[in-house]
Amino acid sequence: MNEKKKTYKMKKPAQQAAKRQKTERKTVYSRLERIPEGNADSRIMPGCLVLEGGAFRGVYTSGVLDVLMQNGINLDTTIGVSAGALNALGYVSGQIGRSARIILRYRHDPRYVGLGPVLNRKDRGVIGFDFMLDQMNRIEPLNVERLMDPGRRLIAVATAITTGWPVYFERRQDVQAFYKAVQASASMPYVSSPVTVQGIRCLDGGCSVKIPFEWALEHGYKKVVVVRTRDRSYRPQRHDLSRAAGSVYGDYPEFAAALANMNESYIRELEILDRLESEGRIFQIVPSLPIQIGRLESDMEKLGDVYWQGVHDAKENLERLKDYLKA
């Protein structure tokens, strides 16, 4: 029996290059070069910026903050939860586009998301904080001098697993200690190990408070600007989360209770925020359209679209925001 011999065609250099480009487009945002660069103005104005978390929905906040920095809106206090705390680093350091470039260029880097961080003893979770907060500083260094400016306050909110209560870690003189607080703030429950900060074992700040605007009000700030990552119509479903929380965190009943009540607490926060906004006490920048991506979204074009939505919404609100801050 005669068998046909298999023949293999060598790919031409142009075909190989096209294939490489196609692969890169899948792993890196195709319009990355359009993300703005530069440094924010050094002048500071009174007020507190409050940043919600939301995992990769935080790229929306990155877009908002880039517009604020480009327009000289540098508030003297910034408080963030989870992805909001990570975004706060780029905002306070005044580095336009840095936060967005990390996710839009490195989302598929094995050091950033996935098994690599799970196996990294410095991470022990699905997100590579060692990469974001250490290795990235060799690629695109944070302006640490500006980040540590004593004229600005910076707070990361985490949740103590022994009490289920929020812990407000303020940046002091030790930048590495604050990085650890940011890691704790953004370490998602169920998929991350607790992070010890100042002797307190913590997980994601969003387990106890999603949007820490009440901290700003309690500390007497007259101008409070809140950046949300859910649209105005969004309300979480009232599921019973107690069984799942108890099965994983049974040794920490207060923390399990905070997880079980997380959605109810979030609904309460959203209702209070909208009331305060109607009274003119706070200013909100809220997604004009629902952000429909996964917590660890892998589609780079979707992530890029969310960034530009943040840019668009910030520009739409810019003049009203300026008026609010002047009043």
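Our structure's up above, just so we're on the same page.
All values derive from a computational prediction rather than experimental measurement.

Reading guide: rules and limits
- Residues numbered from 1 in each chain as written.
- Predicted model: local features only at pLDDT ≥ 70, side-chain atom pairs only at ≥ 80, totals over all residues.
- Heavy atoms only, no water.
- Core = buried A, V, L, I, M, F, W, Y, C linked by side-chain atoms within 4.5 Å.
- Buried < 20%, exposed > 50% of the residue type's maximum accessible area, 1.4 Å probe, protein only.
- Helix = DSSP H or I, 4+ residues; strand = E, 2+ residues; numbered from the N terminus.
- Contact = heavy atoms within 4.5 Å.
- Patch = residues over 30% accessible without salt bridge, like charges linked within 9 Å, V, L, I, M, F, W, Y side chains within 5 Å.
- Areas by Shrake-Rupley, 256 points an atom, 1.4 Å probe, with all protein chains shown as cover.
- Salt bridge = Lys/Arg side-chain N within 4 Å of Asp/Glu carboxyl O.
- Polar contact = N/O pair within 3.5 Å; in protein donor to acceptor, adjacent residues only side chain to side chain.
- Expected span 1.5 Å × (residues − 1).
- Bend = angle between axes of the 7 residues up to and from the residue.
- Axes fitted to C-alpha atoms, helices over the stretch in contact; angles between N-to-C directions.
- Parallel < 35°, antiparallel > 145°, perpendicular 65-115°, else oblique.
- Left-handed = near helix turned anticlockwise from the far one by under 90°.
- Nonpolar A, V, L, I, M, F, W, Y, C, P; charged D, E, K, R; others polar.
- Phe/Tyr/Trp six-rings, centres within 6.5 Å; stacked < 30°, edge-to-face > 60°.
- Lys NZ or Arg CZ within 6 Å of the ring centre and 35° of its normal.

*Asks:* How should I be thinking about the nonpolar core in this particular structure?
*Replies:* Nonpolar side chains in soluble globular proteins tend to end up buried together. Counting 92 residues, the largest nonpolar core has Leu49, Val50, Leu89, Leu104, Tyr112, Ile127 and Leu321 as its most contacted members. For this core, the element with the highest residue contribution is helix 13 (residues 300–326), accounting for 10 residues. Residues in contact with Ile127, not counting those within four places in the same chain, are Phe56, Tyr112, Val113, Pro117, Met132, Met188 and Leu296.

*Asks:* What should I look at first to understand a nonpolar patch on the surface in this one?
*Replies:* Together, Leu115, Val118 and Leu119 give the surface a local cluster of nonpolar side chains, amounting to about 290 Å² of exposed area. Relative to the elements of secondary structure, Leu119 occurs in helix 5 (residues 115–119). A relative accessible area of 59% means that Leu119 is categorised as exposed.

*Asks:* Would you take a moment to explain helix 8 (residues 175–185) for this structure?
*Replies:* It helps to recall that an α-helix has 3.6 residues per turn; residues three or four apart then point in one direction. Of all 11 residues making up helix 8, 8 are buried, and the element is well covered by its neighbours. N-cap assignment for helix 8: the residue whose side-chain oxygen lies 3.0 Å from the backbone N of Gln176 is Asp174.

*Asks:* Would you explain helix 13 in this entry?
*Replies:* In this model helix 13 runs 38 Å from its N-terminal to its C-terminal C-alpha over 27 residues, within 8% of the 39 Å that 1.5 Å per residue would give. Of all the bends in helix 13, the greatest measures close to 50° and is centred on Leu318. With a side-chain oxygen lying 3.0 Å from the backbone nitrogen of Glu301, the N-terminal cap of helix 13 falls on Asp299.

*Asks:* What should I look at first to understand the packing of helix 2 (residues 58–70) against helix 3 (residues 83–92) in this one?
*Replies:* The angle between the axes and the distance between the axes are what describe a pair of packed helices. Relative to each other, helix 2 and helix 3 sit at 25°, their axes nearing to 10 Å. On the basis of their axis angle, the class for helix 2 and helix 3 is roughly parallel. Handedness of the crossing formed by helix 2 with helix 3: right-handed. In contact with Gly58, Thr61, Ser62, Leu65, Leu68 and Met69 of helix 2, helix 3 contributes Ala83, Asn87, Gly90 and Tyr91. Here the contact of helix 2 with helix 3 is built from residues that sort into 5 nonpolar, 5 polar and no charged.

*Asks:* Can you help me understand the packing of aromatic side chains in this one?
*Replies:* What characterises a pair of aromatic rings is the spacing of the ring centres plus the angle enclosed by the ring planes. Per the stated rule, a full pass over the model turns up 10 aromatic pairs. Aromatic side chains Phe56 and Tyr112 sit 6.1 Å apart centroid to centroid with 40° between the ring planes, which places their arrangement in the tilted category. Of the two residues, Phe56 is situated in the loop between strand 1 (45–51) and helix 2 and Tyr112 in the loop between helix 4 (98–106) and helix 5; the sequence distance between them amounts to 56 residues. Aromatic pair Tyr106 and Phe131: ring centres 5.4 Å apart, planes at 70°, arrangement edge-to-face. Note that Tyr106 is positioned in helix 4 and Phe131 in helix 6 (residues 129–139), a separation of 25 residues in sequence. The same class applies to Tyr106 as to Phe131, namely buried. Connected via pairs of aromatic rings, a cluster forms that spans Phe56, Tyr106, Tyr112 and Phe131. Across the ring face of Tyr91, the terminal group of Arg152 is positioned such that the distance to the ring centre comes to 5.2 Å.

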